[in-house]
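Descriptive structure summary
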There are 2 protein chains.
Amino acid sequence: MLDSARGQCSTGRVRIQDEFWNRYTSLVRETVIPYQWEALNDLVPDAQPSFAIRNFRIAAGLEAGEYGGMVFQDSDVAKWLEAVGYSLRNHPDPQLEQTADEVIELIARAQHKNGYLNTYYTVKEPGQEWTNLHEAHELYCAGHMMEAAVAYYEATGKRRLLDVMCKCADHIDSVFGREPGKLRGYDGHQEIELALVKLYESTGEERYLKLAQYFIDERGAEPNFLVEECKRREGYSHWGKKNLPIPSVEQMAYNQAHKPVREQETAVGHAVRAVYMYTAMADLARLTGDRELMDACRRLWNNMTRKQMYITGGIGSTHHGEAFSFDYDLPNDTVYAETCASIGLIFFARRMLELEPKSEYADVMERALYNNVIGSMSQDGRHYFYVNPLEVWPKASERNPGRQHVKAARQKWFGCSCCPPNVARLLSSLNSYIYTFSTTANTIYTHLFIGSEAEFQLDAGTVKLKQQSCLPWEGNVSIELSEVPAAPFALALRIPSWSFGRAVMSLNGAPVDYRVEDGYAIIGRQWMQGDRVTWVLALEPQLTAAHPEIRANAGKAAIERGPLVYCLEETDNMSPIASLFIRSASKLKSVYDHDLLGGAVVIEADGSADERASWQTDTPYRPLAQQRASEPVKLRAVPYYLWGNRTPGEMSVWIRTVVE
Amino acid sequence: MLDSARGQCSTGRVRIQDEFWNRYTSLVRETVIPYQWEALNDLVPDAQPSFAIRNFRIAAGLEAGEYGGMVFQDSDVAKWLEAVGYSLRNHPDPQLEQTADEVIELIARAQHKNGYLNTYYTVKEPGQEWTNLHEAHELYCAGHMMEAAVAYYEATGKRRLLDVMCKCADHIDSVFGREPGKLRGYDGHQEIELALVKLYESTGEERYLKLAQYFIDERGAEPNFLVEECKRREGYSHWGKKNLPIPSVEQMAYNQAHKPVREQETAVGHAVRAVYMYTAMADLARLTGDRELMDACRRLWNNMTRKQMYITGGIGSTHHGEAFSFDYDLPNDTVYAETCASIGLIFFARRMLELEPKSEYADVMERALYNNVIGSMSQDGRHYFYVNPLEVWPKASERNPGRQHVKAARQKWFGCSCCPPNVARLLSSLNSYIYTFSTTANTIYTHLFIGSEAEFQLDAGTVKLKQQSCLPWEGNVSIELSEVPAAPFALALRIPSWSFGRAVMSLNGAPVDYRVEDGYAIIGRQWMQGDRVTWVLALEPQLTAAHPEIRANAGKAAIERGPLVYCLEETDNMSPIASLFIRSASKLKSVYDHDLLGGAVVIEADGSADERASWQTDTPYRPLAQQRASEPVKLRAVPYYLWGNRTPGEMSVWIRTVVE
């Protein structure tokens, strides 16, 4: 455990300077944040209106009108503010800060005197606060605003929103708990738990940590709060707008409240709820040293990432309840793989790295980041996927109702627009996912190979370093120490799973030995200023197979190169993509294409296409013996994250493969 | 056209005597009809109650109580009675006839004085008759009862139900039509149209034919009746139990009422509604010589059977609306392929054969019959599939909501139990699907190779024949003429698509020439009593490929042998079935297995299984290069219609195939 009891494990002060990622951080700063501000103000033409800012204005008494949007619409403002906080920390922007300050004043005005804050209940159902924790997301919205408050405070030093949210947290603390007279409940959508930990870490107020602990520990206890609450409402459902049958305790698996979290064996239910909860569990395990909670985190991590995760780092295989289904059920076409769920997976992974630095966590974090997450946003930063499929047939998305949730093109905005601002806050805080460090063990872990300048305070003293990385296109990484303490310390560089151990370390140009621990190459010594460690990772394209229990991928392989998963798009290949196949012995060739959406390495290979010319349109089935020899074709695969940015068409990650 | 204008084209008097089919006809007679009678009376333990008979008792004033079951529950009684009619025709059974007579009296008592008959509106919504044609199935239920009345009358000569239903038809004729004061509408679920044709053919009453024509011609006309009716109800929905948005004309594609039937290009909407309508269209085209209608029938047939039909003869690829989706969208796992839809496809095929004897219609009829339809019923006759999948993973059926409609085991009965009685009425009237004949052309067409004794009245005179068939296990068929007229006539034997023209005809043991017309081998001559034509059809197992546009089957093949489609079951092979593959050059061996569910030819072949032993449970993805050589396995495929009668497990029709 990394200094966990005292919460000293942190990510340092890090500033990204990276050819690949600068594009994203600039995009978020210059396009996404302004665009989403317009969206929150209902100013994007032809997009679904958000109503989110207007709701605050109505709640603050500045405007008359009806509440609009989802019951959890407040959280979109919160996530945007959180992203603004991260952005301002790295790139001061007085105008943006002024806009944010104004929004914060608006939020403060919408807060009740007792600290309660929620525009839905303020505008639409005053007096009904805390009567529908199961569905109404009050604590969820509060949690997001707490995260925003912490981010904004840490970026600007301004306490206004932090004070508002501490007051809100104090109010929540006065309402919820095991003490007589308090409501012994918890939210239907986990989020407050991880937010309270952040609030605790930012303010040092132990009550917030204890409240987070209470929410986690109470969840799934008997009698089941969510079920009992539903009975008190006589089954009235916010979504159904009528009384529905009282759900069973088992049905609370959707909310991960079917049993105490410590007893949960597999990842179940709504995927975003699950990973937000696991994130808080890992936080609490680190801060309290709770072994049982840590075991639960490991168990749920293992189940989720080893049996329920797509190769793109997507999780949640069914759109029914945006949920996990069961082990190895990972259909590519009816997939969900919500953007927010992969972002939550990254949160969880980072917390696990803080608990125990094992490269497995970073491998998954990287997988989700480079594929599912950045793939969810268009290259123009103005269009988003909510669902991230591994196989798309546009016509099926239009005309087969079971696949209508899978969009073949990114959308401008969504009625339920949780994902776009989530991408913005993740990418604007990406600097905090690159490293962790242990002050007492005097070790700096590099998890992601993203060019950056960083500063760490170890017990040994201050370390400043500069990472340079050619990823994802080339495998060259270097770390140069610009300031070193007088005492020794260790650098721990992740050995990515995709390098298969073929990684070479040099120090100032000469080969150097390192020891391997939990997937990290560790080199500890007395460093000199200007020391330069280079880390050359094998980065070769390869065909990847899926576990045989994943039936959807039987007889298929995916192309991967380093952290990137590749896919075939119709525009580069042909339709139907399903007619294409590759032989296992085919050589995969990496080619840098300057013209492809700002430049990217594409993979070319000799493949085959089933012969089609001899088929008649009037013959749906015929003897296989009539099939003529397949035709040689050039396959061209592009990084998954770039799909859907050109001519719309079919796409597939998994390619039929003949093993030879 | 086969004497169509005068409706003389018929199927003769046919009695099945066939080793394969006797089992089914006996099962229907001895088990299915009695079992379904119990089901209709709510006497099957642990099965969903039907309420159907009880509804009639309540409507007849013999019992107090609430209406139970679906709004169209009456039709289950009708379909049962229709099956009883067919069964009594072939196998008199005084006790069964007495039960049926009692039910008929009950039905007569439930009829209103004006002829109206529907227990739902009588019991539950009196006064609201004909206000919700879109959803409430009144004409649909009436149609089924008309079919029952005709079947029962033709079997027993008893007019009681026929009179009841003529009175009902007269009432409907007084309510619906284009004349002032009449309701210019039609039913949301087609059925009345084909039923009125049957009533016309049985009674000679032209008004019934004209009413059927009216319903077909009016459908989809502007302004759209179903939409306008919905407006009059202010959008009130029977199913939603509240007012819903008024649907668009385009949404009426579900009911095939989005445009006039003559303008419909592709099979769309609810599959059962579609094929019931096409059946009536073909009837009307035959009886009226309407070329436009005939063209529409051909167009819709072609689209449906060439681009939207599963290899098992299943139609309807999505459970959302139990509907067609679009061309070549035929997923095997999320499939619908409702039993009733394939039965309706058989109805349509038979009507097309009456219009124009082309073997293509009979090929499809046979495909649907031998696979989807008989596969829907368990070998004990007491369990049924509503959905007939081509790929089953039982765990996914349980735990992935998008596949929960696909059951891995047949059910005892259903809340919406349209399928079981539909199977009963089809199988008990199977004798009428074997032949058609043209009196004026003096030709007898044999469409299905099912052992039977038959009698036909041609212009040339009376023909009696006896067909013997070893299908589906062997390809030997013979037709012996036991009575021949003095004038010549022709026998036309279908050349099944699966024989690929490799069919040998002999007359009295000596080879004989025949001419081929529209897929039939025709031999016309002056016959002698005792003449025996043998027809030896190539019946070899083969691998069948699907059209490349059917993406779900890319890189796969199905095993077929004669009319039977085969499948791999877990109990004979292994799990996951997706790990298995076959090489295109593998020899398929037919083996008769006496012990398999009463005896069946199974197909054995050398196949391969992906190597699995080297996989770790903690590795979802790994380099394909780590995959060891596949392992040789013996594949064992059983006829699709037998699947799910042994140990439950995975099943797949389509098998991964390496083309060599």
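Residues numbered from 1 in each chain as written. Chains lettered and ligands numbered in written order. Predicted model: local features only at pLDDT ≥ 70, side-chain atom pairs only at ≥ 80, totals over all residues. Heavy atoms only, no water.

Turning to the overall build of chain A, a few remarks are in order. Helices and strands together make up the secondary structure of chain A, namely 17 helices and 25 strands. A compact globule built from 660 residues would reach a C-alpha radius of gyration of about 26 Å, and chain A, at 25 Å, matches this within 12%. Considering only C-alpha atoms, chain A reaches an extent of 75 × 75 × 50 Å along its principal axes. Across the 660 residues that make up chain A, the buried fraction comes to 66%. (Helix = DSSP H or I, 4+ residues; strand = E, 2+ residues; numbered from the N terminus. Rg over C-alpha atoms; globule rule 2.2 N^0.38 Å. Buried < 20%, exposed > 50% of the residue type's maximum accessible area, 1.4 Å probe, protein only.)

Attention now goes to helix H13 (residues 291-307) of chain A. Residues and elements named next belong to chain A. A rise of 1.5 Å per residue sets the reference length of H13, with its 17 residues, at 24 Å; its end C-alpha atoms lie 24 Å apart and thus fit the reference within 8%. If you check which residues of H13 are buried, you get Leu293, Met294, Ala296, Cys297, Leu300, Trp301, Asn303, Met304, Thr305 and Arg306. Where H13 is buried, its residues touch helix H10 (206-218), helix H12 (271-288), helix H14 (339-355) and helix H15 (359-375). Where H13 begins, one side-chain oxygen reaches toward the backbone nitrogen of glutamate 292, 3.1 Å away; that side chain belongs to aspartate 290. (Expected span 1.5 Å × (residues − 1). Contact = heavy atoms within 4.5 Å. Polar contact = N/O pair within 3.5 Å; in protein donor to acceptor, adjacent residues only side chain to side chain.)

Moving on: the side chain of Asn118(B). Residue and element names in this part refer to chain B. As for its placement among the helices and strands, asparagine 118 is situated in the loop between helix H4 (94-110) and helix H5 (119-123). A polar contact of 3.0 Å, which involves the side chain of asparagine 118, links it to the backbone nitrogen of tyrosine 120. Here the side chain of asparagine 118 touches tyrosine 121 through a polar contact of 3.1 Å, landing on its backbone nitrogen. In this structure, asparagine 118 is in contact with Asp74, His137, Glu138 and Cys141, ignoring residues within four places of it in sequence.

Interfaces are often sized by the accessible area lost when the parts come together. Taken together, the contacts link 62 residues of chain A with 62 residues of chain B. Of the roughly 5,100 Å² buried where chain A meets chain B, counting both sides, 65% is carbon and sulfur surface. Among the residues of chain A in contact with chain B, Arg551(A), Tyr621(A) and Leu624(A) are the three that bury the most area, contributing 17% of the side total. Along the contact surface separating chain A from chain B lie two salt bridges. The partner of Arg551(A) in a salt bridge is Glu650(B), and the shortest N-O contact between them spans 2.7 Å. (Buried area = accessible area lost by both parts, 1.4 Å probe. Salt bridge = Lys/Arg side-chain N within 4 Å of Asp/Glu carboxyl O.)

Taken as rigid bodies, chain A and chain B are interconverted by a rotation of 180 degrees and an axial shift of 0.0 Å, the fit giving an RMSD of 0.0 Å. The transformation just described matches what one would write down for a two-fold rotation axis. Most of the interface of chain A is mirrored in chain B, where 100% of its interface residues are also at the interface. (Least-squares fit on C-alpha atoms with pLDDT ≥ 70 in both.)

Okay, the confidence of the model for chain A next. Across chain A, the average pLDDT comes to 95, with 98% of residues at or above 70. This model gives residues 1-9 of chain A a pLDDT under 50, and the stretch forms 29 contacts once residues within four places in sequence are excluded. (pLDDT = per-residue confidence, 0-100.)

Residue and element names in this part refer to chain A. Between helix H9 (residues 192-203) and H10, the least distance of the axes is 7 Å, while the angle of their chain directions is 165 degrees. Compared by their axis directions, H9 and H10 come out roughly antiparallel. H9 and H10 meet at a crossing whose hand is left-handed. Along its contact with H9, which presents Ile192, Glu193, Leu196, Val197, Leu199, Tyr200 and Thr203, the element H10 presents Glu206, Tyr208, Leu209, Leu211, Ala212, Phe215 and Ile216. (Axes fitted to C-alpha atoms, helices over the stretch in contact; angles between N-to-C directions. Parallel < 35°, antiparallel > 145°, perpendicular 65-115°, else oblique. Left-handed = near helix turned anticlockwise from the far one by under 90°.)

The next subject is the sheet that holds strand S9 (residues 476-483) of chain B. Residue and element names in this part refer to chain B. As summarised here, the arrangement of the seven strands in space is S1-S7-S8-S9-S15-S11-S12, forming an open sheet in which the pairing is antiparallel. Strands with a single pairing partner mark the edges of an open sheet, and in this sheet they are strand S1 (13-16) and strand S12 (510-511). Examined bridge by bridge, strand S7 (residues 452-458) and strand S8 (residues 461-469) share seven bridges and lie antiparallel to one another. The residue of S8 that forms the bridge with leucine 458 is glycine 461. (Pairing = 2+ DSSP bridges.)

Here the focus is the domain arrangement of chain A. Residues and elements named next belong to chain A. Domain annotation for chain A reports domain 1 (434-537) and domain 2 (542-658). Its C-alpha centre places domain 1 at a distance of 37 Å from the equivalent point of domain 2. Residue-level contacts link six residues of domain 1 with twelve residues of domain 2. Both faces considered, domain 1 and domain 2 share a buried interface measuring about 650 Å² in area, 66% of it formed by carbon and sulfur atoms. (Domains from an automatic or database assignment.)

This part is about the sheet that holds strand S14 (residues 520-525) of chain B. Residues and elements named next belong to chain B. Read across the sheet, five strands follow the order S5-S6-S10-S14-S13 without closing on themselves; strand pairing throughout is mixed. Strands with a single pairing partner mark the edges of an open sheet, and in this sheet they are strand S5 (435-438) and strand S13 (515-517). The sheet shows a mean angle of 25 degrees between the axes of neighbouring strands, direction not considered. Each of strand S10 (489-494) and S14 is contacted by helix H15 (residues 359-375), which is oriented at about 50 degrees to S10, the strand it contacts most.

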